There are 6 protein chains.
Amino acid sequence: MRPSGRAPDQMRAVTLEPGASKYAEGSCLARFGDTHVLCAASIEDRVPPFLRNSGKGWVTAEYGMLPRSTHTRTDREAAKGKQSGRTQEIQRLIGRSLRAIVDLEKLGEITIKVDCDVLQADGGTRTAAITGAYVALHQACQHLLKLGMVKALPFTDSVGAISCGIYKGQPVLDLDYAEDSDCDADANFVLTGTGGIVEVQGTAEGAPFSQAQLGELLGLANKGIGELAILQRKALGL
Amino acid sequence: MRPSGRAPDQMRAVTLEPGASKYAEGSCLARFGDTHVLCAASIEDRVPPFLRNSGKGWVTAEYGMLPRSTHTRTDREAAKGKQSGRTQEIQRLIGRSLRAIVDLEKLGEITIKVDCDVLQADGGTRTAAITGAYVALHQACQHLLKLGMVKALPFTDSVGAISCGIYKGQPVLDLDYAEDSDCDADANFVLTGTGGIVEVQGTAEGAPFSQAQLGELLGLANKGIGELAILQRKALGL
Amino acid sequence: MRPSGRAPDQMRAVTLEPGASKYAEGSCLARFGDTHVLCAASIEDRVPPFLRNSGKGWVTAEYGMLPRSTHTRTDREAAKGKQSGRTQEIQRLIGRSLRAIVDLEKLGEITIKVDCDVLQADGGTRTAAITGAYVALHQACQHLLKLGMVKALPFTDSVGAISCGIYKGQPVLDLDYAEDSDCDADANFVLTGTGGIVEVQGTAEGAPFSQAQLGELLGLANKGIGELAILQRKALGL
Amino acid sequence: MRPSGRAPDQMRAVTLEPGASKYAEGSCLARFGDTHVLCAASIEDRVPPFLRNSGKGWVTAEYGMLPRSTHTRTDREAAKGKQSGRTQEIQRLIGRSLRAIVDLEKLGEITIKVDCDVLQADGGTRTAAITGAYVALHQACQHLLKLGMVKALPFTDSVGAISCGIYKGQPVLDLDYAEDSDCDADANFVLTGTGGIVEVQGTAEGAPFSQAQLGELLGLANKGIGELAILQRKALGL
Amino acid sequence: MRPSGRAPDQMRAVTLEPGASKYAEGSCLARFGDTHVLCAASIEDRVPPFLRNSGKGWVTAEYGMLPRSTHTRTDREAAKGKQSGRTQEIQRLIGRSLRAIVDLEKLGEITIKVDCDVLQADGGTRTAAITGAYVALHQACQHLLKLGMVKALPFTDSVGAISCGIYKGQPVLDLDYAEDSDCDADANFVLTGTGGIVEVQGTAEGAPFSQAQLGELLGLANKGIGELAILQRKALGL
Amino acid sequence: MRPSGRAPDQMRAVTLEPGASKYAEGSCLARFGDTHVLCAASIEDRVPPFLRNSGKGWVTAEYGMLPRSTHTRTDREAAKGKQSGRTQEIQRLIGRSLRAIVDLEKLGEITIKVDCDVLQADGGTRTAAITGAYVALHQACQHLLKLGMVKALPFTDSVGAISCGIYKGQPVLDLDYAEDSDCDADANFVLTGTGGIVEVQGTAEGAPFSQAQLGELLGLANKGIGELAILQRKALGL
């Protein structure tokens, strides 16, 4: 019934490949089926002006898509001279999601910027980006620990994300592009490894959806992000 | 316990003043306490390229804040030469919320653009904007009806929005700025008059929140948006 | 003969409402008939680079129009990514007009920025803006005086502005939009309360006008700005 | 008493060199002392959208300064990515001044764009630009006449411009940079060859000036622009 | 003597992986040692305005670097709002190089745009991009042939590129980053498969180099591009 | 056979007029036939951030064309809001060419910026710019020497540039616009006074050219730049 033949609560094949970028302090190539996002974490030995002399660090993210990551070519944002509203919305979301599980005081006056670049896009790029960005960020913090720049890993939990939606009336987990462009509702969930809600973004694409359906989607997300948390730990050798 | 002394499930004083803008085809000055948003709907006799010859219309929104609507002055976006990520995120949200309750085929090849400009900001500007924009949009459609440009009002429902949050551990309705800048979690709900979910955006500001808390916030939103729906009908003389 | 039925030397109904913006240090909603401009003065405890360590302060202005302040919608400058030449011309004029009556040494190393935002536009927005901006600026300086940040009010005079024009061959005072878009010549005058010229900008819209006509327009401006000066004093309780 | 030793009503040495640009349809290098402006008129066989099918033409101008035309280097506007408010104000003024003496119906659906580029700046660049632009525009119209693209020259008059000011209490004609940067008031006049006012822009730099002084400045402008009109006719061989 | 231990005329390990991008009509991941460039060709069924109704097609390229492709992070061009001079220079070079070996009349009124995105940068990104872009372009043309949109492949030759330089006085082939940042001169050669020169760009980094040295560098380039041509043919199965 | 009737190895009439800009510390109006470029060198008493406290100076260039320098009008880059790729490519080339013959340590922590503005364009503007920029730069350094800001002139050699090309199968020196727009190949050479190569940029416009032809073009460039070096010395009174 799903175009891919998956069961309603079945995710695509997910692989998280740490260290995919040679020069970054932390990195991860996150593949959710045909959606491939390269996440690279860079350490900067300074913080934004509003945090100077606060003892606190900062974690932020940027997001981009290669012009031909998509089914038909998308114009290059650098050539257009600005980032779209969608891009800005997504990179703000990734940044908030990562900060939700980092103790910025423990990080100290350091900025970690995670670039999430979509090499191939088949739906769910923002949730794949968050899931991979956590791995890249974790690697970068291990690097800081090795260098003695932090005393302990500054994490309070792990974080992962997945999209769910109502497709042909049926709640399903991990929408691919074919489903995403034809669903009734679409919700992105960002949850911690222990099930806390970091962010929920649910949108009715056609008709509004019911409050019960929101609950069902949340249930699917719990399952999916639980599986992702296991893959994240494996990727990090934890 | 709330800085304003309100009960947890008590909204601020809300007034919706239709016709506040002399030249717009539809307008509403929405006041939620000290948050004042002027919503003005403009009719254009054409549609964006992707809808040409489709028989369908379009509803969209823009959002802005006067530089001194805020407690301290914010730089003018026109002077900086670009709209912030936050602005773009909000105007996309308003547009989606309005389109969720409009039958674009009934509208026909017409665009209605609703400008939501914040004259004064004390928290909850995006939800006040959506609530007022619906009134402005409705007025504009009545105008179209009078002119014979549509055969019937193209609405499938009404739409309203409110923010809720967890403030000092307590779920509360309709956050003002003092609460918004100091809460644990913050969720914006956009619901139809009949209780369908159009959009949910919940964000943990500090620690993640639980799935039960999400339910409590949704309950408060149901109450608040129910009250707003009554005010909207009154404002429109329905 | 005038579309509004006014006498040639008759201004529109003018009201100046001080304190119209809750958070600004000084503010004034200036209404000239259907032209409504919200002026908000913000105090900043620093000066532009060219005045650092000079002991002198600075007064400047910004100007904007809400997209649907006008009879038909105007594109939002923030969305277009730049301020038009007209906007820049007007905000430079407002700033010069205010500085002409402020003793910047008495102000000390403080910047006051006056935002003039047009909520509704029926002609004469720049002159309404100057007239209201003076009130907002005065309020802000009273605020500085109360806080002990200045020792005395730094004003050398008051300032007001009005547009005059030659409409159907007849010199008239305070053009509204219907006149403005159909006049032969158009002149904006900025005068001090004691009648000194701060700025004159006269433009032939169709055929050039004579040097005698310039004198007649100046006469009308004297009358109009005299009346405005009385309203300004009342608004400020002087 | 004037830094240059000129009499109060004495202009700088002015030369108008027609044809200074090899490829332009009309051109003039206007030199007012050390102020040198190259004006080049280009013909385009189309009009802006608002004039299409109106039978009317359009005349417009652009203005720029070479970065090192000035005493100390000014940043290049193309490198900064935008034209300053001053630049936009000046090019709008030049365009209005030229259109004031052109019968756009006689011109027909043709656009003439006059580029005024300041090669060297010693005060009064905008008035030199207007004076030279008229010559360039006239040449371009002669070109149109020769090609049979217009039936007659579309001019209703000639146009010239000069700045006057109050320098050390004395009204003087044709300010140079030394005077301009140290005067009490500064007024630019754009007059037709027959003495009609096209544009007056008077600004108090320090204290406001009196209405009598405005009259004296206008008197000086009459003298100066009268002399310029003779030079313009000579340059054009009329 | 070379940091990598390579012989002066020895290239890095080069692999050309066609079809690396799932959705593009043609693609190639070009790896020159640690320099990895993903080239993706997109077909558009239209041409730029200057070629409309000419019967000719167009081939063009865009270039970008992922922010953390480099040893230390580079700011994202989309976030800065413009492409650097370097980026524009490179993408113009890639476009010219490809057009040099395509018969645009045979292509017909079709545009092929090749996006070259650097995933990892260790020197020589522009020459790797050209070499890979040829493979991607060829694939896209095969696709057109299959669809019957062209009657024959529109190539007049193949094209490849390599950088050479004078490193510690010694002419060497295929500079890596360590050499590139420390060489005396640097020359990029774009040659056809039959040895014709498409583009030469030689730059002295320190002291000027001699005309004899230019000849030696050209000799190395002949060798390198000869080897690349073999790899290109293999990648394309020719 | 050449449109101008010149011999294949004959340059256009070249004049280098030092001091053409009154206010610049060094300047030169370079005329290559109908190509006229005004080069103006400005001294700034600071260096870019990457050179602070290095003891080294910096030399850089900017390039622009007056809109009507060209045969048909070109849009003004300041009005379009950005410099084209071509402009950036050229100004980077001019800067590199000048730095190749300056000892930046001898210059000390000073920046010299050379603005090259094309007043009239008949082909070869970039090479005329480099040739004239050297003269302007030299003048500026003489100025520094006079002021005691440098102890000796910081030059290691002189630098000049010329374009050559293959026109109707024949290698020719110093292409004008008629040749440039119709040639088979086009190469710009930047050589020192002693014949060292600073930069070579050869591009096939139609079919690739041979390695032998590159040699012939280099031979012509040697001749041309030799002649330019003599003119440069004369202009500088050396």
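For chain A, the name recorded in an unreviewed UniProt entry is Ribonuclease PH, with Oceanibaculum indicum P24 as its organism. The UniProt entry for chain A carries this comment under Catalytic activity (unreviewed entry): "tRNA(n+1) + phosphate = tRNA(n) + a ribonucleoside 5'-diphosphate". What UniProt states about chain A under its Sequence similarities (unreviewed entry) heading is, verbatim, "Belongs to the RNase PH family."

Our next topic: the environment of C:Phe50. All names here are of chain C. Turning to its location among the elements, phenylalanine 50 is positioned in the loop between strand 3 (35-44) and strand 4 (58-65). Given the relative accessible area of 57%, phenylalanine 50 is considered exposed. In sequence terms phenylalanine 50 and glutamate 205 are 155 residues apart; their C-alpha atoms lie 38 Å from each other.

The relative placement of two packed helices is expressed as an angle between their axes plus a distance between the axes. Residue and element names in this part refer to chain A. In contact at an axis separation of 10 Å, helix 2 (residues 85-99) and helix 4 (residues 125-146) are set at 40° when each is read in the N-to-C sense. Judged by the angle between their axes, helix 2 and helix 4 are oblique. When the axes of helix 2 and helix 4 are compared, the crossing they make is right-handed. Every residue of helix 4 that contacts helix 2 at Arg86, Ile90, Leu93, Ile94, Ser97 and Leu98 is listed here: Thr125, Arg126, Ala129, Ile130, Ala133, Tyr134 and Leu137. Looking at the contact of helix 2 with helix 4 residue by residue, the classes come out as nine nonpolar, two polar and two charged.

All right, on to the pattern of salt bridges then. Residue and element names in this part refer to chain B. Within this structure, the stated rule accounts for 120 salt bridges over all chains. The salt bridge involving glutamate 179 is made with arginine 2; its shortest N-O contact spans 2.6 Å. Note that glutamate 179 is positioned in helix 5 (residues 177-180) and arginine 2 in the segment before strand 1 (14-18), a separation of 177 residues in sequence. Of the residues examined, glutamate 179 reaches a relative accessible area of 0% and is grouped as buried. In this structure, arginine 6 engages aspartate 176 in a salt bridge whose closest nitrogen and oxygen atoms are separated by 3.4 Å. Here arginine 6, found in the segment before strand 1, pairs with aspartate 176, found in the loop between strand 7 (170-173) and helix 5; they are 170 residues apart in sequence, far enough to count as distant. The residues arginine 6 and aspartate 176 share a single accessibility class, namely buried.

Put simply, helix 6 (residues 211-235) of chain E and helix 6 (residues 211-235) of chain F touch, their axes get as near as 12 Å, and they point 160° apart. Compared by their axis directions, helix 6 of chain E and helix 6 of chain F come out roughly antiparallel. The handedness of the crossing between helix 6 of chain E and helix 6 of chain F comes out as right-handed. Contacts between helix 6 of chain E and helix 6 of chain F involve E:Gln211, E:Leu214, E:Leu218 and E:Asn222 from the former and F:Gln211, F:Leu214, F:Leu218 and F:Asn222 from the latter. Here the residues of the contact of helix 6 of chain E with helix 6 of chain F are counted per class, giving four nonpolar, four polar and no charged.

Turning to the pairing of strand 6 (residues 159-167) of chain C, a few remarks are in order. Residues and elements named next belong to chain C. Among the nine residues in strand 6, nine count as buried, and that is most of the element. Here strand 6 shows no split at all, with Val159, Ala161, Ser163, Gly165 and Tyr167 on one side and Gly160, Ile162, Cys164 and Ile166 on the other all buried. Bridge analysis of strand 6 against strand 8 (residues 185-192) gives eight bridges, and the strand direction is antiparallel. Of the residues in strand 8, the one forming a bridge with alanine 161 is valine 190. Note: strand 6 against strand 7 (residues 170-173), four bridges, orientation antiparallel.

A gap remains between chain A and chain D, with no contact made and the closest C-alpha atoms lying 11 Å from each other. At no point do chain C and chain E touch; the closest pair of C-alpha atoms across them sits 11 Å apart.

Before going further, it helps to spend a moment on the interface of chain D and chain F. Taken residue by residue, the interface counts 37 residues in chain D and 37 residues in chain F. Buried surface at the junction of chain D and chain F, both sides included, amounts to about 2700 Å², of which 48% is carbon and sulfur. Summed over the shared surface of chain D and chain F, the number is 14 salt bridges. Between D:Glu62 and F:Arg76 there is a salt bridge, with the nearest N and O atoms lying 2.8 Å from each other. Our enumeration of links across chain D and chain F arrives at 22 residue pairs in polar contact (both at pLDDT 80 or more). Those elements that provide at least two residues to the side of chain D that touches chain F are strand 3 (35-44), strand 4 (58-65), helix 1 (77-80) and strand 5 (111-120) of chain D. Element by element, the count of residues in the side of chain D that touches chain F is highest for strand 5 of chain D, at six residues.

What follows covers the pairing of strand 4 of chain C. Here is the key point about a regular strand: its side chains alternate between the two faces of the sheet. Residue and element names in this part refer to chain C. Burial analysis of strand 4 places six of its eight residues in the buried class, the great majority of the element. The pairing of strand 4 with strand 5 (residues 111-120) spans eight bridges and is classified as parallel. The partner of glycine 64 across the bridge, within strand 5, is aspartate 117.

Quick look at the sheet that holds strand 5 (residues 111-120) of chain B now. All names here are of chain B. With mixed pairing, five strands are arranged side by side in an open sheet as 1-2-3-5-4. Single-partner strands in this sheet number two, and they are strand 1 and strand 4 (58-65). Between one strand axis and the next, the sheet turns through 15° on average, direction left out of account. In this structure, strand 1 lies alongside strand 2 (residues 26-32), joined through five bridges in antiparallel fashion.

Procedures and definitions
- Residues numbered from 1 in each chain as written.
- Chains lettered and ligands numbered in written order.
- Predicted model: local features only at pLDDT ≥ 70, side-chain atom pairs only at ≥ 80, totals over all residues.
- Heavy atoms only, no water.
- UniProt positions renumbered as here; feature names shortened; annotations may be inferred.
- Helix = DSSP H or I, 4+ residues; strand = E, 2+ residues; numbered from the N terminus.
- Buried < 20%, exposed > 50% of the residue type's maximum accessible area, 1.4 Å probe, protein only.
- Axes fitted to C-alpha atoms, helices over the stretch in contact; angles between N-to-C directions.
- Parallel < 35°, antiparallel > 145°, perpendicular 65-115°, else oblique.
- Left-handed = near helix turned anticlockwise from the far one by under 90°.
- Contact = heavy atoms within 4.5 Å.
- Nonpolar A, V, L, I, M, F, W, Y, C, P; charged D, E, K, R; others polar.
- Salt bridge = Lys/Arg side-chain N within 4 Å of Asp/Glu carboxyl O.
- Pairing = 2+ DSSP bridges.
- Buried area = accessible area lost by both parts, 1.4 Å probe.
- Polar contact = N/O pair within 3.5 Å; in protein donor to acceptor, adjacent residues only side chain to side chain.

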